[in-house]
Amino acid sequence: FALVASPFASAIKSNCPHRQLRSQSTPSKVTVKTADCLPNPIRMAAKGNEALGKAHVPYGSDGSGLYSAATLGCFRVIQEAKPMILDALSELPLKFYQGCVRIADYGTADGGTSMPLLGDLIDTIKRNHPSTEVEVSYEDQPTNDFKSLFFFVQGLKAIEDVEPYLKRHSGVFVTASGTGFYEQCFPSNSIHLGMSFTAMHWLRRKPCNITTGLHMTQAEGNELAAFAKQAEEDWQHNLLLRAAELAPGGRLMIMNFCISPEKHWLGHTDIGPCMYGTMKRLWGQMRDEGLITKEEFDETTFINYYRTEEEFLRPFSPGAPVHKAGLRLVDHKFTLIRCPFRDDYISKKDKGTTDPAKHAKWYVPTLRTWSNSTFTSALSDSRSAEEKNALADELFKRYEAEVAKDPEGHGMDYAHCYLHIQKVAEE
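These figures come from a predicted structure and were not determined experimentally.

*Asks:* Mind showing me how you'd approach the overall build of the chain here?
*Replies:* Within the chain, the regular secondary structure consists of 14 helices and nine strands. Within the chain, the proportion of its 427 residues that are buried is 56%. Residue pairs at least 24 apart in sequence account for 82% of intrachain contacts in the chain once pairs closer than 6 positions are excluded. For the chain, the accessible surface area stands at approximately 17,100 Å², while carbon and sulfur atoms represent 50% of it.

Structure below.
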């Protein structure tokens, strides 16, 4: 494992209580909708993706940029990927640069975390091929916070020390697709460089409830086997769709959560308590106290899966459908990205400026941005949205108290697999 630091440890400024986002010029008339206003998730199930509206509904109001403000670890993940992606860019066929280079960012969330990298890629393209146009196509599910994405891209909200690439270059165009990556999002043979960061662990459907915990890393027996089968099907399905979209000679860069060879995964490494174990214990306390029912606790299951090395690589075996579709694995590696929040606390402790309670309030939103909807969607439909939100607030308030008691122990380390994939002519 390589341990990496990040220049983005204090990247975003605002009035958020845990991070600051600096708004340069907000439109005078903006209608803000929160995730709480979304329809019943059961009614939102889209063709082929039963998890839509349940697995990962953005937390926070549209246009707030909360995901990038809270998800500092993803900046580190993408910074670590930069050399691999720049190498892939340099290996694209020259013919791609004779027209418009098309880059896709799958599962982009609010777009803030990938902006520094995209700026570097566009700088490189324009430096070597000044007349080449670039199209950046962002992709995410229809419930995504696209408002924040365009605020970042257009410079209406700013990431500190990152100038929006649209302000640096002409001949750069931005589009977005609200079609989830379990369907084809872009025309066939149209994408030259595809990227995805910490997104493709989410599944299309929940194969079963996990009775031994909340997450597949806590599952056993038939329940774990059911999740593994669903994840295998979804991984192949996903790759076949990307194979259709990639132009021959194109590259696909996927950086995803994993179970590493060292048996590390998100929030479970060699430091501190397991994140999912803490969630299970606190949610279980609320069940035992009668705040939620046993049925609601049992329904709480994260609809995602962390793959092993063998599971990541299996579809690329000769003769497999993905191999026949033209995808070849160029390279892969595993990297452990340390939690920037914990690093920040330890740094401040060395300077004698720590505040455990304040740190906990800053840290816990990095857990909540992606997990909140798993808890609220498990609650009975007989509860109002306000009641569901209050219960989620109580859960994460308890988590804050845990962190404040042991700020150096708690942290969300990222265990990631980095995949470099090329499309060749189909067999």
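*Asks:* Please explain the packing of aromatic side chains as it appears in this structure.
*Replies:* Each aromatic ring pair is described using two quantities: the centre-to-centre distance and the angle formed by the ring planes. Tallying each qualifying case throughout the model produces 14 aromatic pairs. With centroids separated by 4.9 Å and ring planes inclined at 70 degrees, the aromatic side chains of Trp283 and Phe375 adopt a geometry described as edge-to-face. Here Phe375 lies in helix H13 (residues 365-378) and Trp283 lies in helix H7 (residues 275-288), a separation of 92 residues in the sequence. Each member of the pair, Trp283 together with Phe375, is buried. Grouping aromatic residues by their ring pairs yields a cluster made of Phe257, Tyr276, Trp283, Phe302, Tyr306, Trp370, Phe375, Phe396 and Tyr414. The cationic tip of Arg287 hangs over the ring face of Phe297; the distance from NZ or CZ to the ring centre is 4.3 Å.

*Asks:* Is there a simple way to explain the packing of helix H2 (residues 72-90) against helix H3 (residues 115-128) in this structure?
*Replies:* The geometry of a pair of packed helices is captured by two quantities: the angle between their axes and the separation between those axes. With their axes 9 Å apart at the nearest point, H2 and H3 run at an angle of 20 degrees to one another. With respect to their mutual orientation, H2 and H3 come out roughly parallel. Our pair here, H2 against H3, has a crossing hand that is right-handed. From H2, Phe75, Ile78, Lys82, Ile85, Leu86 and Leu89 reach across to H3, where they touch Pro116, Leu117, Asp120, Leu121, Thr124 and Ile125.

*Asks:* How should the environment of Gly60 be read in this particular structure?
*Replies:* Along the chain, the position of Gly60 falls in the loop between strand E1 (22-23) and helix H1 (66-70). As for Gly60 and Thr369, which are separated by 309 residues in sequence, their C-alpha atoms are 7.7 Å apart.

*Asks:* Could you clarify how one ought to interpret the pattern of salt bridges in this entry?
*Replies:* Any two side chains of opposite charge can pair if their charged atoms end up close together. Under the defined criterion, the tally for this structure stands at 28 salt bridges. Among the salt bridges present, the one from Glu232 reaches Arg314, with a minimum N-O distance of 2.7 Å. Linking Glu232 in helix H6 (residues 221-245) with Arg314 in the loop between helix H9 (309-313) and helix H10 (321-324), this pair joins segments that are 82 residues apart in sequence. Residue classification places Arg314 among the partly exposed positions, given a relative accessible area of 32%. Note that Arg242 is salt-bridged to Glu245, the shortest N-O span being 2.9 Å. Linking Arg242 with Glu245, this pair stays in helix H6, spanning three residues, or about one helical turn. With respect to burial, Arg242 and Glu245 carry one shared label: buried. Through salt bridges with shared partners, one network takes in Asp270, Arg338, Arg342 and Asp413.

*Asks:* Hey, could you run me through H6 in this one?
*Replies:* Think of an α-helix as 3.6 residues a turn; residues three or four steps apart then line up on the same face. Look at H6: 37 Å from first C-alpha to last across 25 residues, which is about the 36 Å you get at 1.5 Å a residue. Along H6, the residues classified as buried are Glu223, Phe227, Gln230, Ala231, Asp234, Trp235, Asn238, Leu239, Leu241, Arg242, Ala243 and Glu245.

*Asks:* Can you help me understand unusual backbone geometry in this one?
*Replies:* A negative phi angle is the norm for most residues apart from glycine, just as the trans form is the norm for most peptide bonds. Positive phi is not limited to glycine here, since Asp161 has a value of about 70 degrees. Looking at the secondary structure, you find Asp161 in the loop between strand E4 (157-158) and helix H5 (165-168). The class of Asp161 is exposed, set by a relative accessible area of 78%.

*Asks:* What's the story with the side chain of Asn304 in this structure? I'm lost.
*Replies:* The topology assignment puts Asn304 in the loop between helix H8 (294-299) and H9. On the basis of relative accessible area, Asn304 is assigned to the buried category, the value being 0%. A distance of 2.6 Å separates the side chain of Asn304 from the side chain of His215, its partner in a polar contact. Apart from residues no more than four positions distant in its own chain, Asn304 is found in contact with His201, Trp202, Leu203, His215, Met216 and Phe227.

*Asks:* Sorry if this is basic, but what is going on with the pairing of strand E3 (residues 133-139) here?
*Replies:* Along any regular strand, the residues point their side chains to alternate faces of the sheet. Most of E3 is tucked away, with five of its seven residues classed as buried. When strand E2 (residues 100-106) meets E3, the two strands line up parallel, connected through seven bridges. Paired with Tyr106 across the strands is Glu139, a residue of E3. Regarding the hand of the β-α-β motif, the stretch spanning E2, H3 and E3 is right-handed. Pairing of E3 with strand E5 (residues 172-177) involves six bridges; the strand directions are parallel. Its bridge partner lying in E5, Glu139 is registered against Ser177.

Parameters and conventions
Here the residue numbering is sequential within each chain, running from 1 through the sequence in written order. In view of the model being predicted, local features appear only for residues whose pLDDT reaches at least 70, and side-chain atom pairs are presented and counted only at 80 or more, with totals across whole chains, interfaces and linings using the full set of residues. Side-chain numbers come from the whole structure's heavy atoms, not from hydrogens or water. Numbering goes from the N terminus for both helices and strands, where a helix is a DSSP run of H or I of at least four residues and a strand is a run of E of at least two. Three exposure classes are used, based on accessible area relative to the maximum for each residue type with a 1.4 Å probe and protein chains only: buried under 20%, partly exposed in between, and exposed over 50%. We call two residues in contact when some of their heavy atoms are within 4.5 Å. Using the Shrake-Rupley algorithm and a 1.4 Å probe, accessible areas are obtained, with residue cover drawn only from the displayed protein chains. In this analysis, rings of Phe, Tyr and Trp, with Trp reduced to its six-membered ring, are considered paired at centre separations within 6.5 Å, and the interplanar angle assigns stacked below 30 degrees, edge-to-face beyond 60, and tilted for intermediate values. A ring is considered to have a charge above it if a Lys NZ or an Arg CZ atom is located within 6 Å of its centre and within 35 degrees of its normal. Fitting a line to C-alpha atoms yields each axis, with helices limited to the stretch in contact; the angle taken between N-to-C directions then spans 0 to 180 degrees. Orientation is classified from the angle alone, with under 35 degrees giving roughly parallel, over 145 giving roughly antiparallel, 65 to 115 giving roughly perpendicular, and any other angle giving oblique. Whether a crossing is left-handed or right-handed is set by the direction in which the near helix is turned from the far one by less than a right angle, anticlockwise for left-handed and clockwise for right-handed. Within this document, salt bridges are pairs made up of a side-chain nitrogen of Lys or Arg and a carboxyl oxygen of Asp or Glu, the two lying within 4 Å of each other. A helix is expected to reach a length of 1.5 Å times the quantity of its residues less one. In protein, a polar contact requires one atom able to donate a hydrogen and another able to accept it; more generally it is a pair of N or O atoms within 3.5 Å, and residues adjacent in sequence count only if both atoms are side-chain atoms. In this analysis, strands are considered paired if DSSP registers two or more bridges between them. Handedness of a crossover is defined as follows: with both strands directed away from the viewer, a clockwise route from the first strand across the helix to the second makes it right-handed.

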